[in-house]
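# Inside the fold
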Amino acid sequence: MTAATSPEPTPRPLGHGPLRADLLGAALDRVRFAGTPVLRRVYVGVRDRDWRTVPAQVLGVESEGGDRVTVHVRHDDGDVGFRWTGTISLTDRELTFEMDGQAERDFLRSRVGLCLLHPLRLAGTPVLVRGPGGEHTGRFPERISPHQPLRDIVAMRYRDGGLEVSIELDGDVFETEDQRNWTDASYKTYGTPLSLPFPVRLRRGRRVRQRMRLSVTGRPAPARTPARGPAGVRLGADGPPLPAIGLQHRGLVPAESRALAEAGPAFVHADVRVDLDGWRERVAEASEVARELGVPLRVGAVRVTPGQLAELAGMPMDTLLLFGPRLTTTRELAEAARRVFAGTGVRIGGGSRAHFAELNRADGLPVDLLDLLCFPITATAHADDTASVLETLRVHPRVVAQARELAGGRPVLVGPVSLRPAWDPWAPDAPPPPPDPRHRGPFGAAWTVGALAALGLAGAAEISLYETTGPRGVVGAPVWHVLAALRPYAGGRLVRLDLPDGLTGLAVRKDARHLIIVANPSDEPRALDPGGRDWELLAESPLADGVRPARDGPLVLPGPSVAFSPPTTRTRQERTPDA
């Protein structure tokens, strides 16, 4: 399901009245009425046989005065070839998006058609749905719904504050899913229900036509007046303990040993596919790295069967995470592990190795036989634009809270956590997705600060982060500075922070010492009242001119960047060797 890497297009504003949107590549972004967001995005999704998103290539755009635009688009990757023309028009209170497409060759598709993203503030809102069989009432769920909360949709109507929103859909029968299952900050309405068989062969020349019409009436609630001047950082009450932060096994170059040790991982995490050759050697390599760092080893046995567990017995690990052929933990697998590892002291964990969705949907999850529950997070499961990646941070607390409910008092391990995973769980034999280039820049460090705060304050006991070295690693990347700064505070407690809008941050207390890390993940500079504290700014990696202290305000955080208080003395170029 991992989205493909693509350069971010420049938004093109559409509309002159109260109803406006931005054309972002081939998608409509930020549909808003009088400044109030109505739809997060409208786009045409093309998904191949393995549910991978085939990126859109915009061939041309024809504009008619800013209220009507025609976009010509092609999706061409592997066996997928699909071309469509989108006609988008806006009036003061109505928006239409018509898609007329055609398959350029035979291919297997899991989905081709319109997708609408609804904002999360609609949680709990009743929805009147009209379908082929008549009208029925549902609602946008407050808890993360494991299954589709709204089905059989050809039209829907709901109130959003002072607005009434009506949506009509033609060309397919639609349904709505809760995208928080993949940490997306939206609900998605899409065509072709999942109850129908997939993948389906789309024959060369086959036409696909769909249409959406949105109408808005009423008045939005008054907008909040933004505060003037730079706001500061306020420490709140103590929160949960700082989670144990581990790293994924990648390997270790001797020259990088010191830098990796200074990052202070609490454990090494090695996922191995036991259905492939070489997994024993990978466990041995990870064990050697863990031994050199003086930390325990977590092993995730992926696509393992009960009969293979004996081969894992005796390997140097403190925790074994079990994932069967469907990438979740079955009772049969947990029972076999309890027999094989009885008396060894090895913790037995499980849950999902795919997404939170699989954990949320699992039937008969053997929580009573597990010592801990786990699931991964990737920020680009459905979209890889920077705004969507940042929005995933809003969902992290909810998925951890719901996982803790499922765990019934057992600790929750979140991991691997990544901007883009090293492999697609539903296409494991396909080439790995390319590394996200933002990971090794200041944005990667800023997003990580937000993720550690959101996951930790929600009660995650352990977080398994990026790889040790390499293009997905921490050595030589700005995120290394974040981990190195946190190392002396292992065993401390998180502290809740009140921050200005647009910033994210993490605070931790150990004994009488406090560390505050504030991050600006956006591309725009943001001012911060330093509050009489000394700050150290990591704007680039390596930072060519060393540290930038600030006490008297404002402290300007360029975008993106990370600032530390008190200064960590770890942000000079010579402290982090290049990977």
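The preceding data block contains the structure.
Residues numbered from 1 in each chain as written. Predicted model: local features only at pLDDT ≥ 70, side-chain atom pairs only at ≥ 80, totals over all residues. Heavy atoms only, no water.

Take the sheet that holds strand 25 (residues 372–378) next. Spatially, the eight strands close up into a barrel ordered 20-21-22-23-24-25-26-27, and their pairing is parallel. On average, adjacent strands in this sheet sit at an angle of 30° to one another, irrespective of strand direction. Direction of pairing for strand 20 (residues 244–248) relative to strand 21 (residues 268–273): parallel, over a ladder of two bridges. Looking at strand 21, one finds that Q248 is bridged to H269. Relative to the sheet, helix 3 (residues 331–340) contacts strand 23 (319–323) and strand 24 (347–351), its axis offset from that of strand 23 by approximately 150°. (Pairing = 2+ DSSP bridges. Helix = DSSP H or I, 4+ residues; strand = E, 2+ residues; numbered from the N terminus. Axes fitted to C-alpha atoms, helices over the stretch in contact; angles between N-to-C directions. Contact = heavy atoms within 4.5 Å.)

Before going further, it helps to examine the pattern of salt bridges. Considering all chains together, one arrives at 45 salt bridges under this definition. Among the salt bridges present, the one from D29 reaches R41, with a minimum N-O distance of 2.8 Å. A residue pair is termed long-range when its members are at least 10 positions apart, and D29 in strand 3 (residues 27–33) and R41 in strand 4 (residues 36–48) qualify at twelve residues. Classification of D29 by relative accessible area gives buried; the value is 8%. Among the residues examined, R41 registers a relative accessible area of 8% and is labelled buried. Across the pair E467 and R250 runs a salt bridge whose closest N-O atoms are separated by 3.9 Å. Taken together, the residues span a long stretch of sequence, with E467 in strand 27 (residues 462–467) and R250 in the loop between strand 20 and helix 1 (257–263) at a distance of 217 residues. (Salt bridge = Lys/Arg side-chain N within 4 Å of Asp/Glu carboxyl O. Buried < 20%, exposed > 50% of the residue type's maximum accessible area, 1.4 Å probe, protein only.)

Taken together, nine strands build an open sheet; the order of strands is 5-6-7-8-18-14-13-10-11 and the sheet is antiparallel. With one partner strand each, in any of the chains shown, strand 5 (57–63) and strand 11 (134–139) form the two edges of the open sheet. This sheet shows a mean twist of 15° between the axes of neighbouring strands, independent of strand direction. Summarising the sheet, strand 10 (residues 126–131) and strand 13 (residues 155–160) pair through three bridges and their orientation is antiparallel. Residue pairing across strands places L128 opposite R157, the latter belonging to strand 13.

Moving on: unusual backbone geometry. The omega angle of the peptide bond from G415 to P416 is -5°, so this bond is cis rather than trans. Residue placement: P416 occurs in strand 26 (residues 412–418). G559 connects to P560 through a cis peptide bond whose omega is -20°. You can see P560 is positioned in the loop between strand 33 (555–557) and strand 34 (561–565). Even without a glycine there, the phi angle at W51 is positive, about 70°. Here W51 lies in the loop between strand 4 and strand 5. The exposure class of W51 is buried, given its relative accessible area of 16%. Phi at D511 takes a positive value of approximately 55°, unusual for a residue other than glycine. Relative to the elements of secondary structure, D511 occurs in the loop between strand 29 (504–510) and strand 30 (513–520).

It is a general feature of regular strands that their side chains alternate between the two faces of the sheet. Two elements, strand 5 and strand 6 (residues 68–77), share six bridges in a ladder whose sense is antiparallel. Counterpart to V61 in the pairing with strand 6 is V71. The hairpin turn running from strand 5 into strand 6, its antiparallel successor, is four residues long, and G65 in that turn takes a positive phi close to 75°.

So, about the nonpolar core. By size, the foremost hydrophobic cluster in this structure holds 141 residues, and its most contacted members are I167, M212, L214, L312, L320, F375 and W447. Residue contributions to this core peak at nine residues, all from helix 7 (residues 442–457). If we skip the residues at most four places from it in the chain, L312 touches W279, A301, V304, M317, L320 and F341. Judged by nonpolar contacts, the second largest core, of 13 residues, contains V233, A507, V518 and A563. (Core = buried A, V, L, I, M, F, W, Y, C linked by side-chain atoms within 4.5 Å.)

A few words now on the environment of E285. Within the secondary structure, E285 is located in helix 2 (residues 279–293). The exposure class of E285 is partly exposed, given its relative accessible area of 47%. E285 sits 31 residues away from P316 along the chain, and the two C-alpha atoms are 11 Å apart.

Before going further, it helps to examine the packing of helix 7 against helix 8 (residues 479–486). Packing of helix 7 against helix 8 brings their axes to within 8 Å, and their N-to-C directions diverge by 40°. For the element pair helix 7 / helix 8, the angle class is oblique. Between helix 7 and helix 8, the residues in contact are A445, T448, V449 and L452 and V479, V482 and L486, respectively. Its residues placed into classes, the contact of helix 7 with helix 8 shows six nonpolar, one polar and no charged. (Parallel < 35°, antiparallel > 145°, perpendicular 65-115°, else oblique. Nonpolar A, V, L, I, M, F, W, Y, C, P; charged D, E, K, R; others polar.)

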